[in-house]
Amino acid sequence: MRTLISESSLKRYKVLYWVIFTGAVAAFVLAFLFPIYWMVTGALKSSDELVRTPPTLVPDQVHPENYTDAWDTLSLTTHLTNTAIQAAGAWLLQIVFCTLAAYALSRLRPVFGSVILGGILATLMVPASALLVPKYLTVVDVPIVHVNLLNSPLAIWLPAVANAFNLYLLKRFFDQIPTELIEAAEIDGAGPVRRLWHVVLPLSRPVLGVVSIFAVVAVWQDFLWPLLVFSDTNKSPISVALVQLSSDAPVSQLIAAMVIASVPMVALFLVFQRHIIAGIGAGSLKG
């Protein structure tokens, strides 16, 4: 196999190669982990030490009570619960409706299915900021039913369902499932719903895991849309509440609250990292 550096040159400059390689890896690790370290240690400092110049890399005195004070002062239980409810609802609706739509476009092949798919993918070309006004006007007065969804989790759940990227990801995976499996189930008398439940979904766990992570993270980190639809602070998610309450809280408690808010997403990644890696190779399914 021919590479950029020949094997003989690599042996000749082996020490230099490993020095450069180790330095590059260390630089990337430092670039990614240092902000996390700075945030975690900043939450353990006093407010005076946080504004000190030059800043301290290690806290002079550790203040773990900043976390408990932030939990009580900023009502993190309420806002984390709000965020979890909004993320869980958006995840469930996306899994159900995006899976059904992707299965229909991939396996049932409706009339004008390619046109419908093209229209769905065209929405990816529209900037998210351009959709804020139409979405807001829709949730203020939902057509036909004329219901106001402001300060309701439905204002987060319903727009989240229309996720063209996750739908396309699911469809591409369904396209790679061997046709022989679907035909065998059909010969055994399985209808479209049974084929989806007993054949397609068991094979789709990797991509469903990836879509689930995308759905939860998108809601958890979103700021602008929840800020528009939640005027009631007691119903706002953690991303909005931290900004709304930042003027009344010490900086050390605010940073501690940010650390607490980031823990669920870090834990989610660590638990489901195998599904992410499996989902990357989702299109490599073989018959």
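Residues numbered from 1 in each chain as written. Predicted model: local features only at pLDDT ≥ 70, side-chain atom pairs only at ≥ 80, totals over all residues. Heavy atoms only, no water.

Chemist: Would you take a moment to explain the packing of aromatic side chains for this structure?
Modeler: For any pair of aromatic rings, the description rests on two quantities: the centre-to-centre distance and the angle between the ring planes. Following the criterion strictly, the structure yields 4 aromatic pairs and no others. Aromatic side chains W18 and F21 sit 5.6 Å apart centroid to centroid with 90° between the ring planes, which places their arrangement in the edge-to-face category. Placement of the pair is W18 and F21 together in helix α2 (residues 14–42), with a separation of 3 residues, close to one helical turn. Accessibility expressed as a relative area gives 40% for F21, which makes it partly exposed. With 6.2 Å between their ring centres and 35° between their planes, F34 and Y37 make a pair best called tilted. Taken together, the residues span about one helical turn, with F34 and Y37 both in helix α2 at a distance of 3 residues. Classification of F34 as partly exposed rests on a relative accessible area of 35%. For Y37, a relative accessible area of 34% translates into the label partly exposed. By the ring-pair criterion, three or more aromatic residues cluster together here, those being F34, Y37 and W38. One Lys or Arg, K45, reaches over the ring of W38 and ends 4.4 Å from the middle of that ring. In this structure, K135 packs its charged tip against the face of W225, placed 4.5 Å from the ring centre. (Phe/Tyr/Trp six-rings, centres within 6.5 Å; stacked < 30°, edge-to-face > 60°. Helix = DSSP H or I, 4+ residues; strand = E, 2+ residues; numbered from the N terminus. Buried < 20%, exposed > 50% of the residue type's maximum accessible area, 1.4 Å probe, protein only. Lys NZ or Arg CZ within 6 Å of the ring centre and 35° of its normal.)

Chemist: Sorry, what's going on with unusual backbone geometry here?
Modeler: Trans peptide bonds make up most of the peptide bonds, and negative phi angles are found at most residues other than glycine. At the junction of T53 and P54, the peptide bond is cis and its omega measures out at -5° in the coordinates. Relative to the helices and strands, P54 is located in the loop between α3 (47–50) and α4 (65–73). Despite not being glycine, S75 has its phi angle at roughly 55°, a positive value. With respect to the element layout, S75 can be found in the loop between α4 and α5 (76–108). Residue classification places S75 among the partly exposed positions, given a relative accessible area of 34%.

Chemist: Teacher, can you tell me more about the packing of helix α11 (residues 192–203) against helix α12 (residues 205–221) here?
Modeler: Remark: α11 packs on α12, axes separated minimally by 5 Å, with the N-to-C direction vectors making an angle of 70°. Relative to α12, α11 is oriented roughly perpendicular. Taken together, the residues of α12 that come into contact with α11 (itself represented by L201, P202 and L203) are R205, P206 and L208. Within the contact of α11 with α12, the residues separate by chemical class into 5 nonpolar, no polar and 1 charged. (Axes fitted to C-alpha atoms, helices over the stretch in contact; angles between N-to-C directions. Parallel < 35°, antiparallel > 145°, perpendicular 65-115°, else oblique. Contact = heavy atoms within 4.5 Å. Nonpolar A, V, L, I, M, F, W, Y, C, P; charged D, E, K, R; others polar.)

Chemist: Explain the pattern of salt bridges here, please?
Modeler: A side chain with one charge may pair with a side chain of the opposite charge, provided their charged atoms come close. Scanning the entire structure with this criterion turns up 3 salt bridges. For K171, the salt bridge identified is with D175, shortest N-O distance 2.8 Å. Of this pair, K171 and D175 both sit in helix α9 (residues 164–176), 4 residues apart, which is roughly one turn of the helix. The class of K171 is buried, set by a relative accessible area of 11%. What makes D175 partly exposed here is its relative accessible area of 26%. (Salt bridge = Lys/Arg side-chain N within 4 Å of Asp/Glu carboxyl O.)

Chemist: Where do I start with α5 in this structure?
Modeler: Helical geometry note: an α-helix holds 3.6 residues per turn, so side chains three or four residues apart project in the same direction. A rise of 1.5 Å per residue sets the reference length of α5, with its 33 residues, at 48 Å; its end C-alpha atoms lie 46 Å apart and thus fit the reference within 8%. A positive phi of about 50° marks R109, the residue just after α5. (Expected span 1.5 Å × (residues − 1).)

Chemist: How should I be thinking about the packing of helix α6 (residues 113–122) against α9 in this particular structure?
Modeler: Working note: a packed helix pair is described by the angle between its axes plus the distance between those axes. Where α6 meets α9, the axes come as close as 9 Å, and the angle between the chain directions of the two elements is 135°. Taken together, the axes of α6 and α9 are oblique relative to one another. The handedness of the crossing between α6 and α9 comes out as left-handed. Residues L117, I120 and L121 of α6 form the contact with α9, whose participating residues are A164, L167, Y168 and K171. The residue makeup of the contact of α6 with α9, split by class, is 6 nonpolar, no polar and 1 charged. (Left-handed = near helix turned anticlockwise from the far one by under 90°.)

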